[in-house]
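Each chain, written out:
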Amino acid sequence: MEKVIIVRYSELHLKGKNRGYFERVLIINMEKALKGLKHEIKRQSGRYLVECFEEIETDEIISRLKKVFGIHSLSVALKVDSNVENIYSAAEKVCFDSGKFKVETHRADKTFPLNSLELSAEIGGRLLSKFKNLSVDVHKPQFTVNIDVRENGTSLIFNEFFKGAGGMPVGTSGKGMLLISGGIDSPVAGHMILKRGMQLSCLHFHSYPYTNLQARDKVIELAKVLAGYSGGLKLNIVSVTHIQEEIHKKCNGEFMVTLLRRFMMRIAERVAEKCGAQCLITGESLGQVASQTVEGITSSNSVVKNLPVLRPLCGFDKDEIIERSRDIGAYEISIQPYEDCCTVFLPKHPVIKPSLKSIIEEESKLDVDALLEEALKTLEVLTL
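Residues numbered from 1 in each chain as written. Predicted model: local features only at pLDDT ≥ 70, side-chain atom pairs only at ≥ 80, totals over all residues. Heavy atoms only, no water.

> How should the overall build of the chain be read in this particular structure?
Each helix and strand in the chain was counted, giving 13 helices and 15 strands. A compact globule built from 384 residues would reach a C-alpha radius of gyration of about 21 Å, whereas the chain, at 27 Å, exceeds it by more than 25%. Overall, the C-alpha framework of the chain stretches about 85 × 35 × 35 Å when taken along its three principal axes. Summarising the internal contacts of the chain: among those between residues at least 6 apart in sequence, 80% fall at separations of at least 24. Element-wise, carbon and sulfur atoms account for 51% of the exposed surface of the chain, whose accessible area totals about 18,100 Å². Taken as two groups, the 51 positive and 49 negative side-chain charges of the chain have centres that lie 3 Å from each other. (Helix = DSSP H or I, 4+ residues; strand = E, 2+ residues; numbered from the N terminus. Rg over C-alpha atoms; globule rule 2.2 N^0.38 Å. Contact = heavy atoms within 4.5 Å. Areas by Shrake-Rupley, 256 points an atom, 1.4 Å probe, with all protein chains shown as cover. Lys, Arg positive; Asp, Glu negative; His and termini not counted. Charge placed at Lys NZ, Arg CZ, Asp CG, Glu CD.)

If you want it as structure tokens, here you go:
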């Protein structure tokens, strides 16, 4: 009898002839997640088994695998040779000694002498005899003893399902560049894109010395949260202090946020293309702040020449974003009171619906190319 962890994958069964590729990427990501822990991963008929691990590390393995996109669910199981006595011995160990229960059997091995209903009845009857405080309730059981009779002569017995991250394995949907601030929204946007299988790099803009080093450290911690779901990522950091100073000095202050966003998008596209990213990703939600109106978004998009811009939070309200932020473990970091660059020189009344013509007129007061080149010289890259 051996303790194993069953890993069931999510959408991969829909991939037809390409399924093998997605499975290989999923295994690579699982291996990354379990790095440093003793284990073996074996494929078994549309699922994987994690075997040969230290029992004391079971919870840690489950915790790490819960963050691997592409996994639908996990179970800690006992693996035995397929005969009734062995299956009962394992069922006895995973069964609680009281409560309402049922036994559910999946018999992939059609040569096994009992069919699914017969095996469930046999094991259930023995458990009722063993544990006097048990009763059967097949409609609303408090727990279920699951029996999975596999084709290879072994059976898996377990009593619990852990929900996986779902989605697609990271690395199967190309590469993207996430513009990450110190706020709540952008880490959630990054998590949602990771779930669809895209490998991320991150780009953060700072305004030191107007913003302090604690704000930078906060963003690094948020990027580490995303790295935990992706097997690691690179965080690019660029200073835009000089750009904000020039805008503040030469332009109408009401346009500060919109003009800064245009510079950010230009820089992001250049850094993305250098990194091999195929799109830009932002945490913008329609109408949430002044720069996230249709007019503001149009202004930002107009300077991006070659790459699409994805906004996975566009239709979400703040409560929904906060809930997701809590779920992924980013919220408590995001609410730390350190300002990001967008709060520097913030006007009292920023323009809400800027016309592209007026934006271009204001921007003409600046040497855009020189400011971009100076910003790109500050590029710093951290591997997380």
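Once the structure has been displayed, the description carries forward.
> It is not clear to me how the side chain of serine 325 should be interpreted in this structure. Could you clarify?
Within the element layout of this structure, serine 325 appears in helix α10 (residues 318-328). A distance of 3.1 Å separates a polar atom in the side chain of serine 325 from the backbone nitrogen of tyrosine 331. Look past the residues within four positions of serine 325 in its chain and what remains in contact with it is Ile184, Val188, Ala330, Tyr331 and Ser334. (Polar contact = N/O pair within 3.5 Å; in protein donor to acceptor, adjacent residues only side chain to side chain.)

> Sorry, what's going on with the layout of surface pockets here?
A water-sized probe rolled over the atoms picks out the places where empty space is left. Here the second largest pocket is characterised by a volume of approximately 410 Å³. Along the wall of the second largest pocket there are 15 residues; nearest its centre are Phe69, Ala165, His191, Lys195 and Ile328. It is helix α5 (residues 185-195) that contributes the most residues to the lining of the second largest pocket, 4 residues altogether. A per-class count over the lining of the second largest pocket returns 6 nonpolar, 2 polar and 7 charged. (1 Å grid on protein atoms, 1.4 Å probe; cavity = no way out; pocket = protein on both sides within 12 Å on 5 of 7 lines; lining within 4 Å. Points joined across faces, edges and corners; volume = space filled by probe spheres on them. Nonpolar A, V, L, I, M, F, W, Y, C, P; charged D, E, K, R; others polar.)

> How do you make sense of the nonpolar core when you look at a structure like this?
It is characteristic of soluble globular proteins that their nonpolar side chains tend to be buried jointly. Grouped together as the largest cluster of nonpolar side chains are 34 residues, with contacts concentrated most on Leu178, Ile180, Leu194, Cys202, Leu226, Leu235 and Ile281. Listed by contribution, the elements that provide at least two residues to this core are α5, β11 (199-206), α6 (213-230), β12 (234-239), α10 and α11 (331-334). In terms of residue count, the dominant contributor to this core is α6 (8 residues). Excluding residues within four positions of it along the chain, cysteine 202 makes contact with Met177, Leu178, Ile180, Leu226, Leu233, Lys234, Leu235 and Asn236. By size, the runner-up hydrophobic cluster in this structure holds 33 residues, among which are Val240, Ile247, Ala277 and Val351. (Core = buried A, V, L, I, M, F, W, Y, C linked by side-chain atoms within 4.5 Å. Buried < 20%, exposed > 50% of the residue type's maximum accessible area, 1.4 Å probe, protein only.)

> What is the right way to look at a nonpolar patch on the surface in this model?
Together, Leu128, Val136 and Val138 make up an exposed nonpolar region whose accessible area comes to about 230 Å². Positionally, valine 136 belongs in strand β6 (residues 133-136). (Patch = residues over 30% accessible without salt bridge, like charges linked within 9 Å, V, L, I, M, F, W, Y side chains within 5 Å. Salt bridge = Lys/Arg side-chain N within 4 Å of Asp/Glu carboxyl O.)

> Whenever I open this one, the environment of lysine 35 confuses me. Can you help?
Examined against the element boundaries, lysine 35 turns out to sit in the loop between α1 (19-33) and β2 (40-43). Spatially, the C-alpha atom of lysine 35 lies 9.9 Å from that of arginine 64, the residues being 29 residues apart in sequence.

> Any chance you could explain the sheet that holds strand β10 (residues 175-179) here in plain terms?
Each strand in a sheet pairs with its neighbour through backbone hydrogen bonds, running either in the same direction (parallel) or in the opposite one (antiparallel). Pairing is mixed in the open sheet, where 6 strands are placed in the order β14-β13-β10-β11-β12-β15. Looking along the sheet, the strands with just one partner apiece sit at the ends: β14 (309-310) and β15 (380-383). By the bridge criterion, 5 bridges tie β10 to β11 in an arrangement that is parallel. Opposite methionine 177, over in β11, you have serine 201 as the bridge partner. Packed on one face of the sheet, helix α8 (residues 256-275) meets β10, β11, β12, β13 (280-281) and β14 and runs near 150 degrees to β10. (Pairing = 2+ DSSP bridges. Axes fitted to C-alpha atoms, helices over the stretch in contact; angles between N-to-C directions.)

> Help me out: how do you make sense of the pattern of salt bridges in this one?
Any two side chains of opposite charge can pair, on the condition that their charged atoms come close. As enumerated under the stated definition, the model contains 27 salt bridges in all. Between glutamate 284 and arginine 261 there is a salt bridge, with its nearest N and O atoms 3.4 Å apart. With glutamate 284 in the loop between β13 and α9 (294-301) and arginine 261 in helix α8, this residue pair connects regions lying 23 residues apart in the sequence. Residue glutamate 373 is joined to arginine 270 by a salt bridge in which the shortest nitrogen-to-oxygen separation is 2.8 Å. Of this pair, glutamate 373 sits in helix α13 (residues 368-376) while arginine 270 sits in helix α8; the two residues are 103 residues apart in sequence, bridging distant segments of the chain. Judged by relative accessible area, arginine 270 falls into the partly exposed class, the value being 32%. One network of salt bridges, in which partners are shared, links Glu2, Glu40, Lys42, Glu51 and Lys79.

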